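# Residue-level structural notes
In case you want the letters, here they are:
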Number of protein chains: 2
Amino acid sequence: MGSKKIVVSKAILDDRNKERITAAAARHGYTVEFFKTNKDAVEALRDAEIAYGMGPKLVKHSPQLKWFCSAAAGVNNILIDGLIASPDVQITCATGSYGVTIAEHTICVLLEMMRQLPTYAEYVRRHEWKQNLIQHSIYGSSILILGTGDIGQSIARRLKAFEPARVIGINRSGRPAGPDFDAVYPSSQLDDHVADAGCVILCMPETKETIGILSAERIATLKETAYVVNVGRGSAICQSALIEALNEGKIAGAALDVLEHEPLEPDDPVWETKNLLLTPHISGQETLQYTLDRNVDIFLEDLENYCAGRPLKYLVDRKLGYQQKHD
Amino acid sequence: MGSKKIVVSKAILDDRNKERITAAAARHGYTVEFFKTNKDAVEALRDAEIAYGMGPKLVKHSPQLKWFCSAAAGVNNILIDGLIASPDVQITCATGSYGVTIAEHTICVLLEMMRQLPTYAEYVRRHEWKQNLIQHSIYGSSILILGTGDIGQSIARRLKAFEPARVIGINRSGRPAGPDFDAVYPSSQLDDHVADAGCVILCMPETKETIGILSAERIATLKETAYVVNVGRGSAICQSALIEALNEGKIAGAALDVLEHEPLEPDDPVWETKNLLLTPHISGQETLQYTLDRNVDIFLEDLENYCAGRPLKYLVDRKLGYQQKHD
């Protein structure tokens, strides 16, 4: 039998949120142990009933586990076969805590590229007052968003205020995704839209269907003026083809916050790709207080559900590979 | 008597827009001469009736001038006493063509600062995969916009989609400025709001009232977490006080697209200011096609008015020093 114990493993967690978790747990007769790394948590996990945090290691060492709340939005890495021994372990994820921050990142890097701000920054580093680089605009652009969940919707909502010509969403089934998309199509129709896009934004979970979705063939059909932004999972893009397209000037630019292999080794040629705005997987950092607070909110909301014997709200569909909102 | 001649002096003007201007002028019996620089235009200006372009030199050499359409939004530099000999010369400005581009610039640099992207870019230049810098967000922020004309409204409209806590506008009289401001106050009440602002955005014309409006005293009251963005005129800020506040870490950051003296000399210490995101007055460049097209639209709209003997729509109030919308 597991003891009534919750193990929280989070690198970033402030005292106020620790107190919130401790107080809520105590109300239901649970004790909580906090760790900064999964490695430190291994011993405590052996008899934990509930775990909250990041990554597969947290789950692997939890034989008594009944509920794992992933602090991440994407749970591809914990759904690997056999990692969670019992299919009865409930898995939830923190969908809903990353929309705000990842949308702000996305709009920012897209505008940086369109307005050539990295080149202007280079001039400024050299103390050169130079103007007149060609600029582009979200205004009047056609934007394709692959992924229409919380993150995709948060991006679309902000984009719309910039008056793009069109914001098109792509998801598995083509189901509607709120008022900020001019249209939503199923991923089976992606080829009809990718060649017209001024910008392709990827914010999908990693699933069998999304791996390699921006394939070499599709990259080859992109406009010369197109931008690519990936804030989902690195596996969604055929990275070698994208890097080649960038280096050969076949597309205007790309902003990658996620890569096929992270972290990037210091001698990897990807660092020096032409017109690549690279960031080290920081679009959804919990160093943004709001993200951390929302993340803990989500865990605590389902802790109430769990203790009351109600269904968990943020439950991951193991077959789909992500949490789908029940409207 | 001036001949029926229009002189256009614009560094950036594509063939399509040249043709638009030539065709419209021809319909009203005008000839047009195009120049890339004001210096080249001097001779042609001597008997021009209408001039369209940038800067005071264009006006100084136009003794026969009846209408000067400034391609800029701010006309402070052409309102200098004596530069326009006759008060009967009508002056219009291209208010309305810069809102989109300057708003995109503003949102971009604000997010860059809040999310510490310049520091991440520095890591990437060194091939370092480092994370966990503290980030901030427009979401939940309190934002003060000094200037509520086309540019201020375009900024406010986009900001609102990011769900800030509050967007407050400041203008001369405190008159309302559309639905995207939570409140608008007169500049006489600025002191009541500047100390609470998470971000102060300046997008005002240069007038007697706006010179030095963000004074050393007001800079001293800013929060340690505050950001400043100036996309209006450099004269609005006591620059030395701002630079000192940045270097001493008394505010979080500033993004300056305009300076007291432009261009900045290569050896000026301002280049190396801590937490300063400097851009070389490029937030409103006509290298963005939309801006150029709108700018020409505005000239052509008033050309129709001028030729029909109607009042000019974009007329500058010489006393106010800017064009005020007639609602």
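Predicted model, so just to flag it, every value in this text is computed and none were measured. (Residues numbered from 1 in each chain as written. Chains lettered and ligands numbered in written order. Predicted model: local features only at pLDDT ≥ 70, side-chain atom pairs only at ≥ 80, totals over all residues. Heavy atoms only, no water.)

### What about the sheet that holds strand β2 (residues 31-35) of chain A?
All names here are of chain A. On the basis of which strands lie adjacent, the open sheet formed by five strands has the order β2-β1-β3-β4-β5 and parallel pairing. Each of the sheet's edge strands pairs with one partner strand only, and the pair in question is β2 and β5 (90-93). Between one strand and the next, the sheet's axes are offset by a mean angle of 15 degrees, whatever the strand orientation. Along the sheet, helix α1 (residues 15-27) contacts β1 (5-9), β2 and β3 (50-53); its crossing angle with β2, the most-contacted strand, is approximately 155 degrees. In the packing of helix α10 (residues 289-307) onto the sheet, contacts are made with β1, β3, β4 (67-70) and β5, and the angle to β3 comes to roughly 165 degrees. (Pairing = 2+ DSSP bridges. Helix = DSSP H or I, 4+ residues; strand = E, 2+ residues; numbered from the N terminus. Axes fitted to C-alpha atoms, helices over the stretch in contact; angles between N-to-C directions. Contact = heavy atoms within 4.5 Å.)

### Details of the nonpolar core
Counting 72 residues, the largest nonpolar core has L110, I145 and L159 of chain A together with L110, I145 and L159 of chain B as the members making the most contacts within it. Beyond its immediate sequence surroundings of up to four residues, I145 of chain B is in contact with G152, I155, A156, L159, V167, I168, G169, I170, F181, I201 and C203 of chain B. (Core = buried A, V, L, I, M, F, W, Y, C linked by side-chain atoms within 4.5 Å. Buried < 20%, exposed > 50% of the residue type's maximum accessible area, 1.4 Å probe, protein only.)

### What to know about helix α5 (residues 117-125) of chain B
What α5 of chain B keeps buried is the set L117, Y120, Y123 and V124 of chain B. End-on view of α5 of chain B: buried residues confined to an arc of 110 degrees, all on one side of the axis. If you follow the buried residues of α5 of chain B, they end up packed against α4 (99-114) and β12 (276-278) of chain A together with α4 (99-114) of chain B. H127 of chain B lies just past α5 of chain B and shows a positive phi near 60 degrees. (Arc of directions from axis to C-beta.)

### Re the relation of the copies chain A and chain B
For the pair chain A and chain B, the superposition axis carries a translation of 0.0 Å, the fit reaches an RMSD of 0.0 Å, and the rotation angle comes to 180 degrees. Put plainly, the chains are arranged around a two-fold axis. Residues of chain A ranked by C-alpha distance from the rotation axis are headed by C108 of chain A, positioned 2.5 Å from it. Here 100% of the interface residues in chain A have copies in chain B that are interface residues too; the copies meet face to matching face. (Least-squares fit on C-alpha atoms with pLDDT ≥ 70 in both.)

### Overview of the sheet that holds strand β4 (residues 67-70) of chain B
All names here are of chain B. Reading across from one edge, β2-β1-β3-β4-β5 is the order of the five strands in this open sheet, with parallel pairing throughout. Of all strands in the sheet, those with a lone pairing partner are β2 (31-35) and β5 (90-93), marking the two edges. With direction set aside, neighbouring strand axes in the sheet form an average angle of 15 degrees. Pairing analysis gives four bridges linking strand β1 (residues 5-9) to strand β3 (residues 50-53), with the strands arranged parallel. Of the residues in β3, the one forming a bridge with I6 is I50. Most of the contacts of helix α1 (residues 15-27) go to β2, to which it runs at about 155 degrees, and overall it touches β1, β2 and β3. Against the sheet, helix α10 (residues 289-307) touches β1, β3, β4 and β5, its axis set at about 165 degrees to β3.

### Here we look at the pairing of strand β9 (residues 199-202) of chain B
Residues and elements named next belong to chain B. Here β9 shows a buried face lined by C199 and I201 and a second buried face lined by V200 and L202. Here four bridges tie strand β6 (residues 142-146) to β9, and the two strands are oriented parallel to one another. Among the inter-strand pairings, I143 is bridged to a residue of β9, identified as C199. A crossover connection joins β9 to the parallel strand β10 (residues 227-230) through helix α8 (residues 216-221); in handedness this β-α-β unit is right-handed. (Right-handed = clockwise from strand over helix to strand, strands pointing away.)

### Points about the pattern of salt bridges
Considering all chains together, one arrives at 36 salt bridges over all chains under this definition. Notably, a salt bridge pairs E286 of chain B with K10 of chain B, separated by 2.8 Å at the nearest N-O pair. Of the two residues, E286 of chain B is situated in the loop between β12 (276-278) and α10 and K10 of chain B in the loop between β1 and α1; the sequence distance between them amounts to 276 residues. The same class applies to E286 of chain B and to K10 of chain B, which are both buried. One salt bridge in this structure joins E122 of chain B and R126 of chain B, with 3.3 Å as the shortest N-O distance. By relative accessible area, which is 30% here, E122 of chain B ends up partly exposed. Salt bridges here are not isolated pairs; linked through shared partners, they connect E122, R125, R126, E128 and K130 of chain A. (Salt bridge = Lys/Arg side-chain N within 4 Å of Asp/Glu carboxyl O.)

### Observations concerning the packing of aromatic side chains
Residue and element names in this part refer to chain A. The final tally for this structure, using the stated rule, is eleven aromatic pairs over all chains. Plain terms: the ring middles of W67 and F299 are 5.3 Å apart, the flat faces sit at 25 degrees to each other, and that makes the pair stacked. Residue W67 is found in strand β4, and its partner F299 is found in helix α10; the two are separated by 232 residues along the sequence. A centroid spacing of 5.8 Å and a plane angle of 85 degrees characterise the contact between Y120 and Y123, whose relative ring orientation is edge-to-face. Here Y123 and Y120 lie together in helix α5 (residues 117-125), a separation of three residues that amounts to about one turn. Y123 gets classed as buried once you look at its relative accessible area, which sits at 10%. (Phe/Tyr/Trp six-rings, centres within 6.5 Å; stacked < 30°, edge-to-face > 60°.)

### Thoughts on the environment of K208 of chain A
All names here are of chain A. As for its placement among the helices and strands, K208 is situated in the loop between β9 (199-202) and α8 (216-221). Judged by relative accessible area, which is 77%, K208 ranks as exposed. A C-alpha to C-alpha distance of 14 Å links K208 and G147, two positions 61 residues apart in sequence.

### Considerations on the confidence of the model for chain A
Looking at chain A as a whole, its pLDDT mean stands at 94, while 97% of the residues score no less than 70. This complex was scored by the predictor with a pTM of 0.96 and an ipTM of 0.95. (pLDDT = per-residue confidence, 0-100.)

### Section: the side chain of R115 of chain B
Relative to the assigned elements, R115 of chain B resides in the loop between α4 and α5. For R115 of chain B, which is buried and forms no salt bridge, the nearest opposite charge comes from E104 of chain A, at a distance of 4.2 Å. Beyond its immediate stretch of four places on either side in the chain, R115 of chain B contacts T101, E104, H105, I282 and S283 of chain A together with Y120, Q135 and H136 of chain B. (Lys, Arg positive; Asp, Glu negative; His and termini not counted.)

### Thoughts on the interface of chain A and chain B
Contacts between the two partners involve 50 residues from chain A and, on the opposite side, 50 residues from chain B. Roughly 4900 Å² is buried in total at the junction of chain A and chain B, and carbon and sulfur atoms are behind 62% of that figure. Looking only at chain A, the three residues that lose the most surface to chain B are E104, H127 and W129 of chain A, adding up to 17% of its buried area. In this structure, the connection of chain A to chain B is made through four salt bridges. E163 of chain A is the salt-bridge partner of R157 of chain B, the closest N and O atoms lying 3.9 Å from each other. Here chain A is connected to chain B by 24 residue pairs in polar contact (both at pLDDT 80 or more). When residues of the side of chain A that touches chain B are traced back to their parent elements, those giving at least two are α4, α5 and α6 (150-160) of chain A. The dominant element in the side of chain A that touches chain B, judged by the number of residues it contributes, is α4 of chain A, at nine residues. (Buried area = accessible area lost by both parts, 1.4 Å probe. Polar contact = N/O pair within 3.5 Å; in protein donor to acceptor, adjacent residues only side chain to side chain.)

### Side note on α10 of chain A
Residues and elements named next belong to chain A. End to end, α10 covers 27 Å across 19 residues, agreeing with the expected 27 Å (1.5 Å per residue, within 8%). Buried residues of α10: T291, L292, D293, N295, V296, I298, F299, L300, D302, L303, N305 and Y306, and no others. Where α10 is buried, its residues contact β1, α1, β3, β4, β5 and α4. Immediately beyond the C-terminal end of α10, within one or two residues, lies G309, with a positive phi of roughly 75 degrees. (Expected span 1.5 Å × (residues − 1).)

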